[in-house]
Amino acid sequence: MMIQPINNSSVHSRLTFKSIIQPTPVLRKTLETTISNLKYNEKASRLEGKLFAKNLNAILNDGKIRFLEFNEYRDGNAILTINSSLSEIGNSNWDYNLEPNKIEQIFHGNGTKLQIAALAKQAGIKKPLVELNDVRFQQIDSDEIPWIQNEIDELHKIDPKTDSNFLAALENIYRRITANLKEKVINDLEEIKSQIFSR
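Values in this document were obtained by computation on a predicted structure and should not be read as measured data. (Residues numbered from 1 in each chain as written. Predicted model: local features only at pLDDT ≥ 70, side-chain atom pairs only at ≥ 80, totals over all residues. Heavy atoms only, no water.)

## Description of helix 4 (residues 110–122)
- Here helix 4 contains 13 residues, and its C-alpha end-to-end distance of 18 Å stays within 8% of the 18 Å for a straight helix at 1.5 Å per residue.
- Among all positions of helix 4, only G111, T112, Q115, I116, A117, L119 and A120 are buried.
- For helix 4, the elements touching its buried residues are helix 2 (25–40), helix 3 (46–60), strand 2 (67–72), strand 3 (77–82) and strand 4 (85–92).
- Looking one or two places after helix 4, you find G124, whose phi comes out positive at around 115 degrees. (Helix = DSSP H or I, 4+ residues; strand = E, 2+ residues; numbered from the N terminus. Expected span 1.5 Å × (residues − 1). Buried < 20%, exposed > 50% of the residue type's maximum accessible area, 1.4 Å probe, protein only. Contact = heavy atoms within 4.5 Å.)

## Quick notes on helix 2
- For helix 2, spanning 16 residues, the distance from its first C-alpha to its last is 22 Å, which sits close to the expected 22 Å at 1.5 Å a residue.
- All of the buried residues in helix 2 are V26, L27, T30, L31, T33, T34, I35 and L38.
- Packing partners of the buried residues in helix 2 comprise strand 1 (20–21), helix 3, strand 2, strand 6 (102–107), helix 4 and helix 6 (166–197).

## What to know about the sheet that holds strand 2
- With mixed pairing, the 4 strands of this open sheet are ordered in space as 1-2-3-4. Strand pairing shows two members of the sheet lacking a second neighbour, strand 1 and strand 4, which therefore form its edges.
- Sheet topology note: the strand 2/strand 3 ladder contains 5 bridges and is antiparallel. Its bridge partner being in strand 3, E69 is matched across the sheet by T81. (Pairing = 2+ DSSP bridges.)

## A look at the nonpolar core
- The biggest cluster of nonpolar side chains holds 24 residues, and the ones touching the most others in it are I21, L27, L56, I59, F70 and L189.
- Elements with a minimum of two residues in this core: helix 2, helix 3, strand 2, helix 4 and helix 6.
- The residues touching L189, leaving out its near neighbours within four places in the chain, are L31, T34, I35, L38, G49, F52 and A53.
- Of all hydrophobic cores here, the second largest spans 6 residues; its members include I148, I158, I173 and I177. (Core = buried A, V, L, I, M, F, W, Y, C linked by side-chain atoms within 4.5 Å.)

## Side note on the pairing of strand 4
- Bridge analysis of strand 3 against strand 4 gives 5 bridges, and the strand direction is antiparallel. Note on strand 4: the bridge partner recorded for I79 is I89.
- What sits between strand 3 and strand 4 in their antiparallel hairpin is a turn of 2 residues, with N83 showing a positive phi close to 50 degrees.

## Brief notes about the packing of helix 5 (residues 145–157) against helix 6
- With their axes 8 Å apart at the nearest point, helix 5 and helix 6 run at an angle of 165 degrees to one another. By the criterion of interaxial angle, the relationship of helix 5 to helix 6 is roughly antiparallel. In this structure, helix 5 crosses over helix 6, and the sense of that crossing is left-handed. Taken together, the residues of helix 6 that come into contact with helix 5 (itself represented by W147, I148, E151, E154 and L155) are L170, I173, R176, I177, N180, L181, E183, K184 and N187. (Axes fitted to C-alpha atoms, helices over the stretch in contact; angles between N-to-C directions. Parallel < 35°, antiparallel > 145°, perpendicular 65-115°, else oblique. Left-handed = near helix turned anticlockwise from the far one by under 90°.)

Okay, here's the thing in structure tokens:
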């Protein structure tokens with residue numbers, strides 16, 4: 001019987017190291033709130049959701065072996081724990097509206113999102129947050145094109161010389177493009193949520 005020698009370089013090339021994000025209630029709520037806003041709030045930013053998904057993917061595939069845990073204190077401030085050691089206390093995950101005789105709490109998860117963005121920057125994402133007058137609002141990434149290919153094809157068929165409803169047709173296609181791009185972000189976030197919470 002002959003035993004084949006192990007080629008160390010091929011074994012190492014197949015090993016991929018990933019950070020493991022712990023499935024905490026705070027992270028679940030942050031993901032679900034972001035997804036819900038994209039689904040039901042017309043003013044919700046597609047770009048913010050898109051960057052959130054990109055940031056999460058960056059830290060899930062950062063080539064490091066570490067355990068990341070996103071929680072919060074009772075006061076609502078985000079907490080980041082890395083390998084069971086407290087790493088950072090962040091901003092609040094809540095807004096508080098003061099009304100007569102009560103305080104209304106509204107969860108947004110921004111403290112946790114900022115912590116995720118900081119980790120993504122360490123992992124190589126150059127611009128992990130939405131910036132003022134961000135040109136990326138108008139940009140389409142190559143992985144988004146299949147989600148709007150039918151609308152792009154329709155645009156090429158419209159002839160302003162013969163189509164009396166040219167502007168209405170453009171507006172209708174633009175609305176569908178916007179909805180499809182949001183749907184792509186929602187899909188990406190749902191996939192990440194499933195990856196983290198179905199382990």
